Every structure is written in C-alpha cells, then in structure tokens.
Number of protein chains: 2
Amino acid sequence: MELLLSSTSLFQGIQESEISALLNCLAAQKRNYRKGDVIFAEGSVTESLGIVLSGMALISFCDAWGNHSILGNVAPGEVFAEVYACIPGEPLRISVDAAEDTTVLFLNVSRVLSTCTNACPFHTRLVRNLLTVCARKSFQLSQRIAHTSSKSIRGRLMSYFSECAKASGSHRFQIPYNRQQLADYLGVDRSAMSSELSKMQRDGLICYQRNEFLLKSPGEFASL
Amino acid sequence: MELLLSSTSLFQGIQESEISALLNCLAAQKRNYRKGDVIFAEGSVTESLGIVLSGMALISFCDAWGNHSILGNVAPGEVFAEVYACIPGEPLRISVDAAEDTTVLFLNVSRVLSTCTNACPFHTRLVRNLLTVCARKSFQLSQRIAHTSSKSIRGRLMSYFSECAKASGSHRFQIPYNRQQLADYLGVDRSAMSSELSKMQRDGLICYQRNEFLLKSPGEFASL
DNA sequence: CTCCCTGTGTTGTTCAAACAACAGACAATT
DNA sequence: AATTGTCTGTTGTTTGAACAACACAGGGAG
C-alpha cells in the first residue's frame, strides 16, 4: 500500500517508510467495497477524503428529476471527495459508487490539519500536498471553463490549442485525448469537431496528424 | 485593516487582535497600485496570494493570438491568485491588474504553511481556512461546469434550478442573479434564455416572477 | 410631470452545431 | 486472408441558439 501511496500527489515527497508512520499518526481507515456499493451517498456530509487503493470508483450526480450523469472515475492512487471534506458541513452534490470491488483508504481531513501530538515531521508536507491537490483541481477546472467559454467549436479548439502551445512552450505539441475525448472535454459533438478541424487546416490555422498538432501564424484573429 | 480581514473567509474565526499578531508572524506585505498597474503578470510565478484591501482588481487572460477576456473582478476582502500560489512553480495563466487605485496585502503561502517558530496558535486555523477557500472555489467551479454541461438552454436552466432547489431545501427559491448575469453564468444568450424561460412556464415546468422561482412537478423528464 | 436608464420579455431571421449515416484507415485477432 | 472493432473524417439534414431589433414596465432624477 505504501508503495502505491508514495507515487500519489497527496503523498508526493514522502518516503514509503515515512508513510507508514503517517498513517498510524492519522489513524487512517481502510475499507473494502463490493461492486455496486455506495461509498459516499449524495447529500451526506463527510470529513474524510478517500483514496482508491485498488479497483475503481465512479462519481455521479442526480438532478431533481432523477436523471443522473457520470462525472468521472477514480483510479487507484487518485483522491475523491477532498473538496467536500475540506468544506466543513457541505453536503455532497455527488455520489461515489464502487464500479468494481474496490478498496478505499479514508483520511480524516481535520485530523490531517490538526497539529500532530508527536510533532510528526512529514505532517507539514502532507498538508502542503493536500492544498496542492485542491489547488490543482481548481486550476484544471478553470482551464476547462476557459476552453468551453467560446460559443463556437473553432473558438474552443483555439483556446485549448493556445493552452497546449503555452504549456509545451512550442507551437508543435501532442494532445492526450483522442477525438471523442477531446469533444467531450470541449463539450461539442465529435463529428462536428472533426469537420471543423479539417476546415481549420484548410484555412491554414493549424496542421495536424493524429494527436500531433502544429499551431500556425500566431497573428491577430477576430473570429474566435 | 484587521477589521476588514476578520470578515473575510481566509481569516474567518480569527479575532481582530489576533490577526495583527498573525500578520507580523507571516511578514505580510502591503503594496499600493495605481489604476492600470499590473499586479500579477501572465506567465509569472508567485508564491504569494493577494487580498484586496481597497479598490478593485481585474482578472483577465490572453490567448496565443492576443485576444484577451475579462474573467472576473476582485473586491475588497476577496482573495486572488491563491490557486497559483498553492501550486509551486505553476506560471499564471491569468494576469491581474488594478481597475482603480488599489491596496493589496500579500501573503506568502509557503510561509503560511511552514510551522511558525512562535507556535502561533491561530496559524492552524489560517491553514484550514486557506484549504477551505481553495476547496470552495473548486466546488463552485464544478457546479458551474455541471450547469453548463447540457447543450440546450432548457437543460442548463433545469440543472441550475435543481441545484437551487436542493440548496434551499424547497421547490421555491430566489436566485442571486438578474437575467443577464444568469445568462452569462450559464453561457447562453440572454434573450434566448428569457424566451426559453417563458416557454418553460407555459409547459408547466416552472413558475416565476422576477427572481422568485417555483420548480413544479418533480417527475421524470427525458428531454433535458 | 417628463426624460432617461435599466431590466425584461417578445419576435423573426440567420447560421452554425447537433445529429445521423456512412466510408476509409488501421490494428488486432482468428 | 478474412474478420472484427476502433478511430477518424466526410456529407447532408434538421434544429435550436445566437443575434438584432423592438416593446414595455418600473424607478430615479431633473
């Protein structure tokens, strides 16, 4: 378990041997779930975040009419419900279920935050990591919002490609999504996006082959 | 200054008198800006978050072609750049400028996180508050994404109204936005939304007058 | 009172995106 | 080689949202 944890962002920079001490210090709880079990129910309140150790969890939500949508999944090593665990008293707007037999480690956030009586030296690092996890999630969400703010498919693609180019420091970059995933990320129809991509190539805005893109002519454009 | 700070979410639960001690302990820096001054430049890296004490700051961003958009404003007592300050080394994707003459208090996040040599008793509370601020921002962003995930105006309104009804615990509730602001929040055209609202009223889904809404018939609907 | 301003609802037109259906490329499997 | 499935690009149709323009109702301020 410690080996897996040491590679997660929450325990980054903490040695495997030190993690064992931390887990004792935090009285972390491990629980097993069968496929289909509810891990967190919508509307409930939690002070604990979860880390998937094995298996897979699904995050979903229901609207007032009973329609429910899948928001995402949580793979081993990834964290869930950290946002709610960090907001005291905020009832979950989502529910988390086990997509298969799943083992989860729970960490009580207030325990994480309270000063450790043993003056555990890695506690500080854990708190910093937790803040980073939350901040990074905020960052990713705001990027997604920025990329879906344009009303046109072309505008959304341009916004996303701009970001990719900035992140890679070059006009040539690769993207981590296939076409369907990119369309889902940008909130557009795949085939419409595919067609728009080829239009953009014809218009000389971009070149691409598969997941390799080249952003051309960084001049001024008004019609995003 | 302490009076203003004590009413902010970052210093919530900390007395005015205690804030003074904290600010010393953190070596907080106060700086003045003239209207139009750049507070944070896009692409720069910061370890500090900012709190607007007076005036107003503007958050904006540029895409690779030089088009820039306003993302929001920061009023006195509100925090900015906290997400970037919490992600070590992450260059800002936004820039922050003074919309008018503005005073800003800077707090170094790593200093906030490092154990205070004086064992300052309110330090722990500050860290917890900072985590709450980040988590709450994440929460708000994911709500907005949920409400803009539907492709139709009606679906977006339904998602938002669902959330409002849940939050208020009743099918009758008030919304904090006027029509233009709601349209901006949901990423749709105001007049189209206005027209959709009256259609929904005609269809018996909702009743409304001004900002007072009543959500009807919580049955099953497929056409969101 | 009139004038102006803001917020809101209505209508009709236009256009772009969703949608459906299909074709070709490629890889993996049998 | 044949088959299957996945990913991608193309085309044509339909629909719904953006857009523009306007009407109407308060609410101040002069």
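Residues numbered from 1 in each chain as written. Chains lettered and ligands numbered in written order. Predicted model: local features only at pLDDT ≥ 70, side-chain atom pairs only at ≥ 80, totals over all residues. Heavy atoms only, no water.

Further remarks concern the nonpolar core. Grouped together as the largest cluster of nonpolar side chains are 95 residues, with contacts concentrated most on L10, F11 and F80 of chain A together with L10, F11 and F80 of chain B. Sequence-distant contacts of F11 of chain A, defined by excluding residues within four places in its chain, comprise L5, S6, I19, L22, L23, I51, L107, L126 and N129 of chain A. (Core = buried A, V, L, I, M, F, W, Y, C linked by side-chain atoms within 4.5 Å. Buried < 20%, exposed > 50% of the residue type's maximum accessible area, 1.4 Å probe, protein only. Contact = heavy atoms within 4.5 Å.)

Surveying the vicinity of DNA strand C reveals 16 residues, the closest of which are S152 and D189 of chain A together with R179, S194 and S198 of chain B. A share of 60% of the atoms of DNA strand C within 4 Å of the protein falls on sugar and phosphate groups. With respect to DNA strand C, the side chain of S194 of chain B contributes an N or O atom lying 3.0 Å from a phosphate oxygen. Residue S198 of chain B places a side-chain N or O atom 2.7 Å away from a phosphate oxygen belonging to DNA strand C. Secondary structure elements with two or more residues in the surface near DNA strand C: helix 8 (190-202) of chain A together with helix 8 (190-202) of chain B. The element that contributes the greatest number of residues to the surface near DNA strand C is helix 8 of chain B, accounting for five residues. The residue inventory of the surface near DNA strand C, partitioned by class, reads four nonpolar, eight polar and four charged. (Near = heavy atom within 4 Å. Polar contact = N/O pair within 3.5 Å; in protein donor to acceptor, adjacent residues only side chain to side chain. Helix = DSSP H or I, 4+ residues; strand = E, 2+ residues; numbered from the N terminus. Nonpolar A, V, L, I, M, F, W, Y, C, P; charged D, E, K, R; others polar.)

Residue and element names in this part refer to chain A. Orientation of helix 5 (residues 123-147) relative to helix 7 (residues 179-186), taken along the N-to-C sense of each, is 90°, at an axis distance of 9 Å. By the criterion of interaxial angle, the relationship of helix 5 to helix 7 is roughly perpendicular. Facing Q143, R144 and H147 of helix 5, the residues of helix 7 in contact are D184, Y185 and L186. (Axes fitted to C-alpha atoms, helices over the stretch in contact; angles between N-to-C directions. Parallel < 35°, antiparallel > 145°, perpendicular 65-115°, else oblique.)

It is worth spelling out the environment of Y208 of chain B at this point. Residue and element names in this part refer to chain B. Looking at the element boundaries, Y208 is found in strand 10 (residues 206-209). For the pair Y208 and S198, spaced ten residues apart in sequence, the C-alpha separation works out to 8.9 Å. Excluding residues that lie within four positions of it along the chain, Y208 makes contacts with R179, S194, L197, S198, Q201 and F213. At 3.4 Å, the side chain of Y208 and the backbone nitrogen of S198 are in polar contact.

Before going further, it helps to spend a moment on the packing of aromatic side chains. Scanning the model with the defined rule gives 24 aromatic pairs over all chains in all. Ring geometry for F139 of chain A and Y84 of chain B: centres 5.6 Å apart, planes at 80°, overall edge-to-face. Of the two residues, F139 of chain A sits in helix 5 while Y84 of chain B sits in helix 3 (residues 82-85), which places them in two different chains. Linked through ring pairs, Y160, F161, F173, Y177, Y185, Y208 and F213 of chain A together constitute an aromatic cluster. (Phe/Tyr/Trp six-rings, centres within 6.5 Å; stacked < 30°, edge-to-face > 60°.)

Attention now goes to helix 7 of chain A. All names here are of chain A. All of the buried residues along helix 7 are R179, L182, A183, Y185 and L186. Each buried residue of helix 7 sits inside an arc of 160° when the element is viewed along its axis, so together they form one side. Along its buried surface, helix 7 packs onto helix 5, helix 6 (153-168), helix 8, strand 10 (206-209) and strand 11 (212-215). Two residues or fewer past helix 7, G187 is found with a positive phi of approximately 70°. (Arc of directions from axis to C-beta.)

Let us now look at the sheet that holds strand 1 (residues 29-33) of chain B. Residue and element names in this part refer to chain B. Spatial ordering of the open sheet is given by 1-8-3-6, a layout of four strands whose pairing is antiparallel. Across the chains shown, the open sheet's two edge strands, defined by having one partner strand only, are strand 1 and strand 6 (79-80). The pairing of strand 3 (residues 48-54) with strand 8 (residues 102-108) spans six bridges and is antiparallel. For S48, the partnering residue across the bridge sits in strand 8 and is N108. (Pairing = 2+ DSSP bridges.)

This part covers the side chain of T132 of chain B. Residue placement: T132 of chain B occurs in helix 5 (residues 123-147). For T132 of chain B, the side chain forms a polar contact with the main-chain oxygen of R128 of chain B, separated by 2.9 Å. If we skip the residues at most four places from it in the chain, T132 of chain B touches C86 and P88 of chain A.

Turning to the sheet that holds strand 10 of chain A, a few remarks are in order. All names here are of chain A. The three strands lie next to each other as 9-11-10, forming an open sheet whose pairing is antiparallel. What marks the edges here is a single partner per strand, and that holds for strand 9 (172-174) and strand 10. Taken pair by pair, the neighbouring strands of this sheet meet at an average axis angle of 20°, ignoring direction. Its contacts with the sheet place helix 6 against strand 9, strand 10 and strand 11, and it is angled at close to 100° to strand 9. Sitting on the sheet, helix 8 touches strand 10 and strand 11, and the angle it makes with strand 10 is about 125°.

All right, on to the packing of helix 5 of chain A against helix 5 of chain B then. Packed helices, taken two at a time, are described by their axes: the angle between them and the distance between them. For the pair helix 5 of chain A and helix 5 of chain B, interaxial distance at closest approach is 9 Å and the crossing angle is 25°. Classed by the angle they form, the pair helix 5 of chain A and helix 5 of chain B counts as roughly parallel. Helix 5 of chain B is crossed by helix 5 of chain A, and the crossing has left-handed handedness. Listed contacts from helix 5 of chain B to V127, L130, L131, C134, A135, K137, S138, L141, S142, R144 and I145 of chain A of helix 5 of chain A are V127, L130, L131, C134, K137, S138, L141, S142, R144 and I145 of chain B. For the contact of helix 5 of chain A with helix 5 of chain B, the residue count by class is 13 nonpolar, four polar and four charged. (Left-handed = near helix turned anticlockwise from the far one by under 90°.)

Turning our eyes to something else, we now look at the protein's contact with DNA strand D. Taken together, 16 residues lie around DNA strand D, and R179, S198 and Y208 of chain A together with S152 and D189 of chain B are the ones closest in. Expressed as a percentage, the sugar and phosphate content of the atoms of DNA strand D within 4 Å of the protein is 59%. In this structure, a base oxygen belonging to DNA strand D sits 3.1 Å away from a side-chain N or O atom of R190 of chain A. Residue assignment for the surface near DNA strand D shows that the elements contributing at least two residues are helix 8 of chain A together with helix 8 of chain B. Among the elements that take part in the surface near DNA strand D, helix 8 of chain A stands out by supplying five residues, more than any other. Split by residue class, the surface near DNA strand D holds four nonpolar, eight polar and four charged.

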